[in-house]
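What the coordinates show
Spelled out, the chains give:
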Amino acid sequence: MHLSDNVVLLVTHSADFFTIDKVAAALLNKGVQAFRLDADKFPLEVQLTAHFDKFQSYHTIEYNNCHISTEQVQAVWLRRLGQPKLSQELAPKFQEACLRESKATLNGFWDSLKGATWVDDLERIDYASNKLRQLRIASEIGFVIPQTLVTNKAESAREFFWQVKGKMVSKLLTPLSQSMEYTPFFLYTSIVKEEDLQDAESLRHCPMVFQEQIPKQQELRVVYVNGNIFVGALNADVYAAAKVDWRQPDIDIGAWQHHQLPDEVVCRLQSLMMRFGLLFGVFDFILTPSGEYVFLEINPVGEWGMLEKDLDLPIASAIADALLQSKE
């Protein structure tokens with residue numbers, strides 16, 4: 001299949017759905033073709049070729065009966081970056097080397113697209129994904145953040161538990177899942193009880209994040225797209241489990257509400273996005289019963305489909321507009 005000379009590359013993984021289709025449709029409505037690349041299908045089903053000589057270089061990609069060159073790509077949406085999947089028939093002794101070479105080839109392909117508009121740049125996404133950096137910068141620009149401890153020391157965890165008067169939750173610094181779909185390997189934010197600390201010595205194997213448990217009136221998911229802000233609110237008293245983590249699979253998310261952020265929160269959001277150099281980001285906040293907005297984190301490639309679906313928010317269209325803006 002031949003594509004036009006102005007293509008937007010949508011990078012995701014093969015298990016992705018809804019949001020990727022919404023953005024592709026929004027681009028088509030604006031007269032632009034999208035090329036979906038499931039990065040986890042490389043190298044088995046995606047073919048990449050890079051040519052170099054003394055005067056020029058060019059890269060091509062073939063997938064799903066489509067063929068494009070990097071010169072055709074005007075913009076890239078990094079929705080998700082799936083890991084390359086290798087054949088089970090490949091001998092185990094070759095797995096590590098083939099995976100390493102596949103990742104290196106993909107990295108070279110991303111580099112060949114540096115002239116395109118990215119939402120967002122890989123290096124900026126990596127920089128912004130550091131949860132401890134997020135907390136530091138959020139605090140510096142005036143956001144309220146939870147008291148937080150990151151440690152692999154059992155005694156420190158126990159001391160922090162009493163410091164926050166037994167109101168403590170635990171979480172990880174990095175995601176263990178590519179999507180919002182349930183997997184037993186996804187660790188949700190969980191309440192820590194005193195008896196849980198009896199096994200705290202296991203922290204020596206892996207550090208964890210501990211935070212004070214913030215009282216909730218609402219959970220807020222805030223989507224920032226190139227200066228546009230879309231907000232969904234979930235009442236904590238409607239979903240009892242949401243008092244800890246609304247993403248758990250046994251919670252029926254169907255009651256998202258519209259919410260208007262105060263101007264000072266919006267200004268801080270804009271400042272944070274400028275610090276990170278991002279056009280897109282998904283924030284999690286807690287609105288306390290006293291009306292205080294508490295910053296939890298930002299996900300540079302976060303989920304937003306439920307807000308567009310339940311609240312009819314035009315997030316996909318805003319992402320398409322950001323992709324089609326002129327590169328500065």
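See above for the structure.
Residues numbered from 1 in each chain as written. Predicted model: local features only at pLDDT ≥ 70, side-chain atom pairs only at ≥ 80, totals over all residues. Heavy atoms only, no water.

The next subject is the sheet that holds strand S9 (residues 168–171). Here four strands make up an open sheet; going across it, the order is S8-S11-S9-S10 and the pairing antiparallel. Of all strands in the sheet, those bounded by a partner on one side alone are strand S8 (148–151) and strand S10 (190–192). Between one strand axis and the next, the sheet turns by 30° as a mean value, whatever way the strands run. Pairing of S8 with strand S11 (residues 208–212) involves four bridges; the strand directions are antiparallel. For Val150, the partnering residue across the bridge sits in S11 and is Val209. Here helix H5 (residues 154–163) sits on the sheet and contacts S8, S9, S10 and S11; the angle it forms with S8, its principal contact strand, is near 165°. (Pairing = 2+ DSSP bridges. Helix = DSSP H or I, 4+ residues; strand = E, 2+ residues; numbered from the N terminus. Axes fitted to C-alpha atoms, helices over the stretch in contact; angles between N-to-C directions. Contact = heavy atoms within 4.5 Å.)

One can expect most non-glycine residues to show negative phi and most peptide bonds to be in trans. Note the cis peptide between Phe42 and Pro43, where omega equals 10°. Looking at where Pro43 falls in the secondary structure, it is placed in the loop between strand S2 (33–38) and strand S3 (47–52). Cis rather than trans, the peptide bond between Val119 and Asp120 has omega equal to 0°. Mapped onto the secondary structure, Asp120 falls in the loop between strand S7 (117–119) and helix H3 (122–128).

Enumeration according to the criterion identifies 14 salt bridges in this entry. Salt-bridge contacts for Arg79 lead to Glu303; the nearest nitrogen and oxygen are separated by 3.1 Å. A residue pair is termed long-range when its members are at least 10 positions apart, and Arg79 in the loop between strand S6 (73–78) and helix H2 (92–112) and Glu303 in the loop between strand S16 (293–299) and helix H7 (305–311) qualify at 224 residues. Neither residue differs from the other here; Arg79 and Glu303 are each classed as buried. Put simply, Glu201 and Arg158 hold a salt bridge, and the shortest N to O gap is 3.6 Å. Linking Glu201 in the loop between S10 and S11 with Arg158 in helix H5, this pair joins segments that are 43 residues apart in sequence. Three or more residues joined by partner-sharing salt bridges are found here, namely Asp16, Arg79, Arg80 and Glu303. (Salt bridge = Lys/Arg side-chain N within 4 Å of Asp/Glu carboxyl O. Buried < 20%, exposed > 50% of the residue type's maximum accessible area, 1.4 Å probe, protein only.)

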